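Single-letter residue listing:
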Amino acid sequence: VPAAGYAFVRPSTTRLHSTVVEAEPTTEKPAAAPQMTRFDRLKAQYKGPRVVVNDSGLDFSYADFDDAVQKTDYAFNRNDVVKGIVVQHDVSGAIVDIGAKASAFLPTLEAALIQEQGDDISNLVDVGAEMEFQIISEEDENGQLLVSVKRIQYKAAWERVVARQADDEVFEAEIIAVNRGGAICSVEGLRAFLPGSHLAGMMPTEEIIGNKIPLKFLEVNQEDNKLVVSNRRAVVEQQMADLSRGDIINGMVKALKPYGAFVEVGGMSGLLHISQISYDRIDDLEKVFQPGDQVKCMIIDHDKVNGRIALSTKTLEPEPGDMLKDPEMVFDKAEETAARYHERMEAERKAREEAARDIVLGLGDSLDDLADDGANGEGSSDPLSDVSDSLDSLLS
């Protein structure tokens, strides 16, 4: 109890705060466990008997071997071409040893460029076969690479096609499919388009699938993967090599135009001009020919580069106008009439040569006479001055 006159004062307490920052407790994250390979996972799940390997006493342990494998730089990159050996056939491909950490895998679709329907891997590559493979993927989680034989063969096929185009040679290929625009041919394992307009003597129907026909290239473009071929061009070239002026050929009238008829001759189209049908005048061509008519004609000119031929029937007329009166008779006697025509042309040729030779010899005699006159001092010093003066007067 406070004394009288004094007030009781309650002592106050002051709380002190520490300026030292206490460190918060930290929790370290455990290091991520290394990713297990497929083999490691299968090994961990294996419940069968285990073989304990004792490598004591050996200079090189399995651990050392594993370290050496891990330290080896294999340097296998996509698109590299490597040599390998087919070691095993699988359901969807083949196992290939290319010297990498893990065996490579060759899918069936990549085993060959040319594959028949129903082929499996055993028909395409043999176990133990050593060949070149192209790497087409990066390593997967097990270190395995995908490889291809097809892509190597594809590149080689294009190289052969480009070389063939440069030689402009005729080659044979098989028709493997048809469509509305034409046909598809297999050329060195590549798919080439054959337009329907370039098929000689046939239509793009199912019946021609499997046929081997002569072809020539129309377009080769490797960058656009475009390959176009022509059967008509190959046929024309082969036939034109055997055709000469004056030959008698059989053909069929394909179309009529105001200026003549187009005749198909073994896949080629020849023009029978209206002036070459008969020595008599023709007012209506449709009264002489109809599309589909079989005719015999003589070749009077040809363009082997472009595959064009000019035809004539009037050279086969025994008498002028016979093509309009009796064309069948003209065709029946075509060879006989043609032989007489060639004899007449040969006689005319010899006559022209004889006349030209006489002119040259006569001119030589005249020049000799002029030279003799000049030597004797008679006449002008220039024997051709009179001719020159006459020409000058005509041109002035």
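Keep in mind it's a predicted model, so treat the numbers as computed, not measured.

### Focus on the overall build of the protein chain
Helix and strand counts for the protein chain come out as nine helices and 15 strands. When each of the 396 residues of the protein chain is scored for burial, the buried share is 29%. The long-range share in the protein chain, meaning contacts at least 24 apart out of those at least 6 apart in sequence, stands at 57%. Surface summary for the protein chain: the accessible area is close to 27300 Å², and the carbon and sulfur share equals 51%.

### Examining the pattern of salt bridges
Overall, the coordinates contain 16 salt bridges when judged by the stated rule. Residue Glu169 is joined to Arg164 by a salt bridge in which the shortest nitrogen-to-oxygen separation is 3.3 Å. Judged by its relative accessible area of 30%, Glu169 falls in the partly exposed class. Look at Arg164 and you get partly exposed, because its relative accessible area is 21%. Between Arg340 and Glu336 there is a salt bridge; the shortest N-O distance is 3.1 Å. Of this pair, Arg340 and Glu336 are both found in helix α8 (residues 334-375), four residues apart, which corresponds to roughly one turn of the helix. By sharing partners, the salt bridges in this structure join Arg160, Arg164, Glu169 and Glu188 into a single network.

### Details of the pairing of strand β11 (residues 248-257)
The sheet contact formed by β11 and strand β14 (residues 294-303) spans five bridges and is antiparallel. Bridging from a neighbouring strand, Met252 pairs with Gln294 of β14. In this sheet, strand β12 (residues 260-265) lies alongside β11 in antiparallel orientation, the contact comprising five bridges. For Val253, the partnering residue across the bridge sits in β12 and is Val263. In textbook terms, the turn of a hairpin is the stretch between consecutive antiparallel strands, and for β11 and β12 this stretch comprises two residues.

### A closer look at the side chain of Asp322
As for its placement among the helices and strands, Asp322 is situated in helix α6 (residues 322-325). Contact partners of Asp322, with chain neighbours within four places excluded, come to Glu317, Pro327, Met329 and Val330.

### Quick look at the confidence of the model for the protein chain
Mean pLDDT over the protein chain stands at 79; residues scoring 70 or higher make up 77%. A low-confidence stretch, residues 16-21 stays under pLDDT 50, and its non-local contacts, those more than four residues away or across chains, total zero contacts.

### Concerning the sheet that holds strand β3 (residues 104-107)
Here five strands make up an open sheet; going across it, the order is β3-β2-β1-β4-β5 and the pairing antiparallel. One side of each edge strand has no neighbouring strand; the edge strands of this open sheet are β3 and β5 (147-148). Both strand β2 (residues 93-97) and β3 contribute to a ladder of four bridges, which runs antiparallel. Looking across to β3, one finds that Ala94 is bridged to Leu106.

Calculation criteria
- Residues numbered from 1 in each chain as written.
- Predicted model: local features only at pLDDT ≥ 70, side-chain atom pairs only at ≥ 80, totals over all residues.
- Heavy atoms only, no water.
- Helix = DSSP H or I, 4+ residues; strand = E, 2+ residues; numbered from the N terminus.
- Buried < 20%, exposed > 50% of the residue type's maximum accessible area, 1.4 Å probe, protein only.
- Contact = heavy atoms within 4.5 Å.
- Areas by Shrake-Rupley, 256 points an atom, 1.4 Å probe, with all protein chains shown as cover.
- Salt bridge = Lys/Arg side-chain N within 4 Å of Asp/Glu carboxyl O.
- Pairing = 2+ DSSP bridges.
- pLDDT = per-residue confidence, 0-100.

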